[in-house]
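The primary structure of each chain is shown beneath.
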Amino acid sequence: MRLLRAREVVRSVFDVEYGRLWAAGIRALIFDLDNTLGRRGSRSLGDEARALLRDLQRRGFKVGILTNRNRGPANELAVELAREFTILDVARKPSRKGYASVLAELGQSPTRAAMIGDRRLTDILGANRSGIYSIRVKGFRGR
């Protein structure tokens, strides 16, 4: 099924060709959290992943995080990331509603956005159904 097929597949978030995405008109990058930016269930984000997100913002990208995690005392990481980045938790991916909400916060249309995540049935399906360029990472690879 084409809706489950990502437009690109890369090893990790560090292998995405962000310059090429910018040249193609992509201005918003939406990241999954678990097993994409960090290990599943992690309570902190690695220095390299945080530096990547900050660098992408400096380069002009709007950066958002879309996760199915619940915010609150049990998820300190989502609360912490919300201080610096646009984050939508309890997103209920692959529902299009979460994608539309994060795009509205980032001020971008689906055609100018890319979703980067590890799961076909949530990240990729939701992005494709929403008209967002989809990139699947094979899993978290910390640096």
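What counts and what doesn't
In every chain, residue numbers begin from 1 and rise along the written sequence. Totals for whole chains, interfaces and linings use all residues, but because this is a predicted model, local features are given only for residues with pLDDT of at least 70 and pairs of side-chain atoms are given and counted only at 80 or more. No hydrogens and no water enter the side-chain calculation; it runs on all heavy atoms of the structure. Under the scheme used here, helices are H or I runs from DSSP no shorter than 4 residues and strands are E runs no shorter than 2 residues, and both carry numbers assigned from the N terminus. Our radius of gyration is a C-alpha quantity, and the globule rule it is checked against amounts to 2.2 Å times the number of residues to the power 0.38. Buried means the residue's accessible area, taken with a 1.4 Å probe over protein chains only, is under 20% of the maximum for its type, while exposed means over 50%, and partly exposed covers the values in between. The Shrake-Rupley method, run with a 1.4 Å probe, gives the accessible areas here. Residue values count only the displayed protein chains as cover. Charged-residue counts in this description rest on Lys and Arg as positive and Asp and Glu as negative, His and the chain ends being excluded. Positions of charges follow a simple convention, taking NZ of Lys, CZ of Arg, CG of Asp or CD of Glu. Nonpolar cores were defined as sets of buried Ala, Val, Leu, Ile, Met, Phe, Trp, Tyr and Cys residues, with membership established by side-chain atoms within 4.5 Å. The contact criterion used is simple: two residues touch if any of their non-hydrogen atoms lie within 4.5 Å. Any two of the Phe, Tyr and Trp rings considered here, Trp counted by its six-membered ring, make a pair once their centres fall within 6.5 Å; the pair's planes then place it as stacked at under 30 degrees, edge-to-face at over 60, or tilted in between. At least two DSSP bridges between two strands are needed for those strands to be called paired. Note on handedness: a clockwise path from strand one over the helix to strand two, with the strands aimed away from the viewer, defines a right-handed crossover.

Q: Just to check I follow, could you spell out the overall build of the protein chain for this structure?
A: Counting its secondary structure elements, the protein chain contains five helices and six strands. Secondary structure of the protein chain in N-to-C order comes out as β-α-β-α-β-α-β-α-β-α-β. The C-alpha radius of gyration of the protein chain comes to 13 Å, within 12% of the 15 Å expected for a compact globule of 143 residues. For the protein chain, buried positions account for 52% of its 143 residues. Counting only carbon and sulfur atoms, one obtains 46% of the accessible surface of the protein chain, whose full area is about 7200 Å². Put simply, the protein chain has 29 plus and 15 minus side-chain charges, and the middle of one group is 6 Å from the middle of the other.

Q: For this particular structure, what's the right way to read helix H5 (residues 120-130)?
A: Burial within H5 is extensive, with eight of its eleven residues counted as buried. Here H5 has its buried residues at Thr122, Asp123, Ile124, Leu125, Gly126, Ala127, Asn128 and Ser130. Immediately beyond the C-terminal end of H5, within one or two residues, lies Gly131, with a positive phi of roughly 80 degrees.

Q: Sorry if this is basic, but what is going on with the nonpolar core here?
A: When a protein is soluble and globular, its nonpolar side chains tend to lie buried together. In terms of nonpolar packing, the biggest core is built from 29 residues, with Val13, Tyr18, Leu29 and Phe31 touching the most fellow members. Dropping the residues within four chain positions of it, Val13 is found in contact with Tyr18, Phe31, Thr36, Leu37, Leu52, Ile116 and Val137. Grouped together as the second largest cluster of nonpolar side chains are 13 residues, Tyr99, Val102, Leu103 and Leu106 included.

Q: How do you make sense of the packing of aromatic side chains when you look at a structure like this?
A: Pairs of aromatic rings are described using the distance from one ring centre to the other and the angle between the two planes. Within the structure shown, the criterion is met by one aromatic pair. Aromatic pair Trp22 and Phe61: ring centres 5.1 Å apart, planes at 85 degrees, arrangement edge-to-face. One end of the pair, Trp22, is in helix H1 (residues 18-23); the other, Phe61, is in the loop between helix H2 (47-58) and strand S3 (62-66), with 39 residues separating them in the sequence. Taking relative accessible area as the criterion, Trp22 reaches 32% and is therefore assigned partly exposed.

Q: Hey, could you run me through the side chain of Thr86 in this one?
A: Take Thr86: it is sitting in strand S4 (residues 86-88). With relative accessibility at 19%, the residue Thr86 sits in the buried group. Residues in contact with Thr86, not counting those within four places in the same chain, are Val63, Gly64, Ile65, Val102, Glu105 and Leu106.

Q: Is there a simple way to think about the pairing of strand S6 (residues 133-137) in this case?
A: Every other side chain in a regular strand lies on the same face of the sheet, so the side chains alternate between the two faces. Most of S6 sits inside the fold, with five of its five residues counted as buried. Across three bridges, the pairing between strand S1 (residues 8-10) and S6 is parallel. The residue bridging Glu8 from the neighbouring strand is Ile135, located in S6. In this structure, strand S5 (residues 113-117) lies alongside S6, joined through four bridges in parallel fashion. When the bridges of S6 are listed, Ala114 appears paired with Tyr133. Crossover connection from S5 via H5 to parallel S6: handedness right-handed.

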